[in-house]
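Chain by chain, the residues:
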Protein chains: 2
Amino acid sequence: MSGQTRRDLLMMIGKAGGAMAMYQAMTTLGHAAETQFTGPPKLSGARKGASVLVLGGGLAGMLAAYELTKAGYKVQVLEYQDRPGGRNYSVRGGDKIVEVGGATQTVGYAPGNYLNPGPWRIPHHHRTLLHYCKAFGVELEPFIQMNHNAFVHRTDAFGGKPQRYKELAVDFKGHVSELLTKSLNAGALDTTVSKEDKEKLLVALREWGVLDKNMAYASNLPVSNQRGFDTAPGGGVGGAPTPSKVNNLPDILSSHVWTQMGFYMNYVMQTTMFQPKGGMDMIGKGFFKQLPKGMVRLNTKVTKIAQDDKGVTASWTDTKTGASGEAKADYCVCTIPASILAQTDIQISDAKKAAIKSLPYSGQVKIGLEMKRRFWEEDYSIYGGHSFTNQAISLISYPNYNFFKDGPSVLLGAFASGAGGYQLAGMTPEQRIEAALAQGSVFHPAEYRKEYMNGASVAWSRMPWILGCCATWTEQTRAEHYQNLVAMDDRIVLAGEHASYYGCWMEGALLSSIDAITRLHQKAQAA
Amino acid sequence: MSGQTRRDLLMMIGKAGGAMAMYQAMTTLGHAAETQFTGPPKLSGARKGASVLVLGGGLAGMLAAYELTKAGYKVQVLEYQDRPGGRNYSVRGGDKIVEVGGATQTVGYAPGNYLNPGPWRIPHHHRTLLHYCKAFGVELEPFIQMNHNAFVHRTDAFGGKPQRYKELAVDFKGHVSELLTKSLNAGALDTTVSKEDKEKLLVALREWGVLDKNMAYASNLPVSNQRGFDTAPGGGVGGAPTPSKVNNLPDILSSHVWTQMGFYMNYVMQTTMFQPKGGMDMIGKGFFKQLPKGMVRLNTKVTKIAQDDKGVTASWTDTKTGASGEAKADYCVCTIPASILAQTDIQISDAKKAAIKSLPYSGQVKIGLEMKRRFWEEDYSIYGGHSFTNQAISLISYPNYNFFKDGPSVLLGAFASGAGGYQLAGMTPEQRIEAALAQGSVFHPAEYRKEYMNGASVAWSRMPWILGCCATWTEQTRAEHYQNLVAMDDRIVLAGEHASYYGCWMEGALLSSIDAITRLHQKAQAA
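Residues numbered from 1 in each chain as written. Chains lettered and ligands numbered in written order. Predicted model: local features only at pLDDT ≥ 70, side-chain atom pairs only at ≥ 80, totals over all residues. Heavy atoms only, no water.

## Observations regarding the overall build of chain A
Looking only at helices and strands, one finds 17 helices and 25 strands in chain A. Relative to the 2.2 N^0.38 estimate, which gives 24 Å for 527 residues, the radius of gyration of chain A is 26 Å and therefore close to what a compact globule would have. Each principal axis of the C-alpha distribution contributes one length, and for chain A these read about 80 × 60 × 45 Å. Taken over 527 residues, chain A has a buried fraction of 63%. Put simply, 69% of the contacts in chain A that link residues at least 6 apart link residues at least 24 apart. Counting 54 positive and 45 negative side-chain charges, chain A places the centres of these two groups 5 Å from one another. (Helix = DSSP H or I, 4+ residues; strand = E, 2+ residues; numbered from the N terminus. Rg over C-alpha atoms; globule rule 2.2 N^0.38 Å. Buried < 20%, exposed > 50% of the residue type's maximum accessible area, 1.4 Å probe, protein only. Contact = heavy atoms within 4.5 Å. Lys, Arg positive; Asp, Glu negative; His and termini not counted. Charge placed at Lys NZ, Arg CZ, Asp CG, Glu CD.)

## Section: the interface of chain A and chain B
Taken residue by residue, the interface counts 99 residues in chain A and 99 residues in chain B. Of the roughly 8600 Å² buried at the junction of chain A and chain B (both faces included), carbon and sulfur atoms supply 59%. Among the residues of chain A in contact with chain B, Trp208, Met265 and Phe404 of chain A are the three that bury the most area, contributing 8% of the side total. At the boundary of chain A with chain B, the tally comes to four salt bridges. (Buried area = accessible area lost by both parts, 1.4 Å probe. Salt bridge = Lys/Arg side-chain N within 4 Å of Asp/Glu carboxyl O.)

## What to know about the confidence of the model for chain A
Residue and element names in this part refer to chain A. Looking at chain A, the pLDDT average stands at 94 and 94% of residues meet or exceed 70. Considering only residues more than four positions removed or in separate chains, one finds that residues 1–7, a stretch of pLDDT under 50, has 17 contacts. Here residues 16–30 is modelled with pLDDT under 50, and outside its nearest four sequence neighbours on either side it reaches 19 contacts, counting other chains as well. The ipTM value of the predicted complex is 0.94, and its pTM value is 0.94. (pLDDT = per-residue confidence, 0-100.)

## Structural notes on the relation of the copies chain A and chain B
Placing chain A over chain B gives an RMSD of 0.0 Å and needs a rotation angle of 180°, together with 0.0 Å of translation along the axis. Taken together, the turn and the small shift mark the pair as related by a two-fold rotation axis. Relative to the rotation axis, the closest C-alpha in chain A is found at Leu180 of chain A, a distance of 2.7 Å. Of the interface residues in chain A, 100% have counterparts in chain B that sit at the interface too, so the contact is made through matching surfaces. (Least-squares fit on C-alpha atoms with pLDDT ≥ 70 in both.)

## Quick notes on the sheet that holds strand β7 (residues 122–123) of chain B
All names here are of chain B. The three strands lie next to each other as β7-β13-β8, forming an open sheet whose pairing is antiparallel. Only two strands of the sheet have a single partner each, and these edge strands are β7 and β8 (140–143). Bridge count for β7 against strand β13 (residues 273–276) is two bridges, and the pairing is antiparallel. Opposite Ile122, over in β13, you have Phe274 as the bridge partner. (Pairing = 2+ DSSP bridges.)

## Digging into the sheet that holds strand β14 (residues 296–297) of chain A
Strand pairing in a sheet takes place through backbone hydrogen bonds and is either antiparallel or parallel in direction. Residues and elements named next belong to chain A. Taking strand neighbours across the sheet as the criterion, the five strands line up as β14-β2-β1-β18-β25 in an open arrangement whose pairing is parallel. Of all strands in the sheet, those bounded by a partner on one side alone are β14 and β25 (492–494). Examined bridge by bridge, strand β1 (residues 51–55) and strand β2 (residues 74–78) share five bridges and lie parallel to one another. Residue pairing in the sheet places Ser51 in a bridge with Lys74 of β2.

## A few points about the state of the cysteines
What the rule picks out here adds up to two disulfides over all chains. The partner cysteine of Cys470 of chain A in its disulfide is Cys504 of chain A, sulfur to sulfur 1.7 Å. As the torsion about the S-S bond is roughly 55°, the Cys470 of chain A-Cys504 of chain A disulfide counts as right-handed. Pair noted here: Cys470 of chain A is in the loop between β24 (452–459) and α16 (475–486) and Cys504 of chain A is in the loop between β25 and α17 (506–526), with a separation of 34 residues, a long-range link. Since its relative accessible area comes to 4%, Cys470 of chain A is described here as buried. Here Cys334 of chain B stays unpaired: no disulfide links it, and the sulfur of Cys332 of chain B, its closest cysteine neighbor, is 5.3 Å away. (Disulfide = S-S within 2.5 Å.)

## Examining the environment of Phe288 of chain B
All names here are of chain B. Here Phe288 lies in helix α9 (residues 281–290). Judged by its relative accessible area of 34%, Phe288 is partly exposed. Residues in contact with Phe288, not counting those within four places in the same chain, are Met62, Pro84 and Val296.

## Here's the deal with helix α13 (residues 418–425) of chain B
All names here are of chain B. What α13 keeps buried is the set Gly420, Gly421, Leu424 and Ala425. The buried residues of α13 all sit within an arc of 130° when viewed along its axis, so they share a single face. Buried-residue contacts for α13 involve β20 (365–371), β23 (409–416), α14 (429–440) and β24 (452–459). (Arc of directions from axis to C-beta.)

## Remarks on the packing of helix α2 (residues 59–71) of chain B against helix α16 (residues 506–526) of chain B
All names here are of chain B. Where α2 meets α16, the axes come as close as 8 Å, and the angle between the chain directions of the two elements is 40°. α16 is crossed by α2, and the crossing has right-handed handedness. Here α2 contributes Leu59, Ala60, Leu63, Ala64, Glu67 and Leu68 to the contact with α16, which in turn contributes Met506, Ala509, Leu510, Ser513, Ile514 and Ile517. Tallied by class, the residues present in the contact of α2 with α16 amount to 10 nonpolar, one polar and one charged. (Axes fitted to C-alpha atoms, helices over the stretch in contact; angles between N-to-C directions. Left-handed = near helix turned anticlockwise from the far one by under 90°. Nonpolar A, V, L, I, M, F, W, Y, C, P; charged D, E, K, R; others polar.)

## Considerations on the pairing of strand β15 (residues 300–307) of chain A
Residue and element names in this part refer to chain A. Here β15 pairs with strand β16 (residues 312–318) via seven bridges, running antiparallel. Across the sheet, Ala306 pairs through a bridge with Thr313, a residue of β16. Linking β15 to β16, which pair antiparallel, is a turn of four residues. Note: β15 against strand β19 (residues 345–346), two bridges, orientation parallel. The residue bridging Ile305 from the neighbouring strand is Ile346, located in β19.

## Topic: the pairing of strand β16 (residues 312–318) of chain B
All names here are of chain B. Burial runs high along β16: six of the seven residues are buried. Across six bridges, the pairing between β16 and strand β17 (residues 324–329) is antiparallel. Residue Trp316 lies in a different strand from β17, and its bridge partner there is Gly325. In this antiparallel pair of consecutive strands, β16 and β17, the connection spans five residues, and Gly322 shows a positive phi of 80°.

## A short note on the packing of aromatic side chains
Applying the stated rule across the entire model yields 63 aromatic pairs over all chains. When the centroid spacing of 5.4 Å and the interplanar angle of 75° are considered together, the rings of Phe274 of chain A and Phe403 of chain B count as edge-to-face. Residue Phe274 of chain A is found in strand β13 (residues 273–276), and its partner Phe403 of chain B is found in the loop between β22 (395–398) and β23; the two belong to separate chains. A single burial state applies to Phe274 of chain A and to Phe403 of chain B, both of which are buried. Centroid distance Tyr383 of chain B to Phe404 of chain B: 4.9 Å. Interplanar angle 40°. Geometry classified as tilted. Here Tyr383 of chain B, found in the loop between α12 (375–378) and β21 (385–389), pairs with Phe404 of chain B, found in the loop between β22 and β23; they are 21 residues apart in sequence, far enough to count as distant. Like Phe404 of chain B, Tyr383 of chain B is buried. By way of ring pairs, the aromatic residues Phe172, Trp208 and Trp258 of chain A together with Phe172, Trp208 and Trp258 of chain B are connected into one cluster. (Phe/Tyr/Trp six-rings, centres within 6.5 Å; stacked < 30°, edge-to-face > 60°.)

Given below as structure tokens:
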């Protein structure tokens, strides 16, 4: 059934039987499990002259503006930056990156190359985002998330030499299979596993672990058929392959490869993933194009947000001209990140203020290194995906566009968070590049510095318009503050990834926005 | 180092130190492990007037023709079919498929849609094929092999209801982790695993298996973060997710999900994979374009291959005009599949004849079903990848081009081999479609028949020009016959996937061809 048909059916069920009936129907149709999105909001019939002020022109703000305009509201958007999109952002040649403290980078990438400093990958189940991408003509292409042939590196494993993911992962499951087989055959689990299941499990472990006839995980051709060969199969006279040597359990344990194996199994990291053709900001641009000209006022810093029983007033300053003014509307959707909102004069309840202040922002750092050629493809057969390390850069990630092409290409040289993020953010942009080159060289020692042309970094904690990457909730702050944060406060409602359970994802920003404007519309209609 | 530079270096090492030095250098450079390809053959300086007859215009034959022409040989190619490419083949709207026995299908696909009946995916380490694709301007795009969100189905598991791969795979590793943890904690492996490794392994299993604080695999939010939720995370007031329920061990064992988990770990199945934009036959067309006009004689059935101390003579009949003739050359590269060659009058040693006759050909069947819309994307969030079943069709596979597009799309409705292949091949084309619809409906019951428009099948055992899909070697036939098959027989050398250790892959055909023409050239130069 098409999206439209299902949505109509769900609306019908919802009207007839209420939310629980609708939820049950959604579950039956297999979608509640995957997304809370059931189609764009149906907000028609705004009261004549009703108006909404949207603060922040990122995805949450632009979606609110788009849907509220469609519903009949008069909408204005105020955006601090000189471009719409917020964290939906791509950095290209000629762009300037200015940090808190004044450090300024001018990006040197060749035309067509880019870095996505914020969001960079779209899971297949982020149906809200996928819906609007299609509706707004934003073309998507596969994002290669998992790459069996990329590297896993730890400074304290294998003498610091990176290993191919496939070799470690195959060895890990081989050893686990052999050990569990031994336990089963020794009767260690006879009180836990039935005789019938034990027989089945032994078959499963032999096949999955590629154990030999002695139920051992060993170096042989069937195992090499998974982890790779010493000499690959070929053609003609010398075509016969030779097996590779498996790693022993202690070495495999030192690699921590289960971290990557688990990472790839995260629901938000599973295949199939996508990215917009031409850079992540194609989405923000796609949203922006849908809004009437002049609806979004750029370069506009909101200095104060007040409300009374008549409406909402936002005071602003133009960051280019220094001019100031006020914007007024009946209601306000405020998508300003909590990190900035915590420092803004806003007339809301103490509970909501406390919620805003309870949210620390994470400090990711991304570094894009432009290389003369795609040596990871040409010399290493790595096409997209990530090589992981326990160094500050955390990973390097290979570009998912222009595969096989000659000429310069931008590699993600760091995606640091936590301690690594703060460490890199504390450096000058030049020092960051040097750190990325030094650390990334472990993967491609002969090429990394030799092929390097130029680089740019975005340290989110130093971006003046947000001072961090995403809101960081804990179980405790969720319990104490989440509902206070999202509750409508007279005429003001907050939206954005921070007002969702999908923190740090565009999907969270959009779902939050839909929920916020739906409640705003209900309140406005009831008034 | 670029492909060119590495190759030069290797050639230099090879000249200076011989084959073993070169092999060691290749290993050091990390390439012998991945491929036997070290760059296109360097065959310059053919004796003036030397000629080669190439039989078969598939990839092996066209590569031989291309490289031998470059080396200075006079080359002619005889091809049975009315198109070059052989099994490198795509079926499109308007094409006719004629089977042994006369059954004829006219394909009804919409413009732009296609079925790849033979090869359909290219591993990242098939460097020979990737090299020539780039050299000949064949554009490649990602082939989505692994899809966590596709289905696994067995008629005898879960009451015949397909399950999402991610749910089964996460549950499988969860149960395995819990059981091995129990064994370790009970001391069952204390004589096998050191105390230090035991501690590390317990951490690994808890993290990898997402075990709870009691070291149990249970239904909770961390586990749902991998296998999916009952209610997905959302935004605003109702954003909190609810966990999904894990399957118990007996159900997981009934699913045989380790088969798919192992499948994805096969070296030839690992990410990243590619396909040519526009259909697999873009490769054959790309090769064909490189050959001088008139070099390939189409519609030409080879009836006899003779040789003496002067040269090789192939007798042929034109299948369109009935005309017959002879082609002569100094040497012959014969890429005719063993299945056909076994029935051809050819003057070679008895050992080679025995080798040819020792090779049964597999009988794969592929069925391409054109559907009115991409319901697997719109209604199931499945973008590319495969859903597996233990029915004859074996799997259905979702197209990897035109993601998100409206309009008709061709789904691979069967990729049957073994018993399933012979079962489907024994049916009429109409019966095959009906079987594919009936069996594939388990995955998409509401949509499969409703959205079906038309279909086409290729049963390789019934294709008159090959009578099978690929040569099937066993360990025993390899030992007895392989070297006899590939050995040069006076003036004739065989090439093709059957003359390689990469059976059924285009890479095997190309590597075999490079090896064959390299030996042919050495012999011709020495003569």
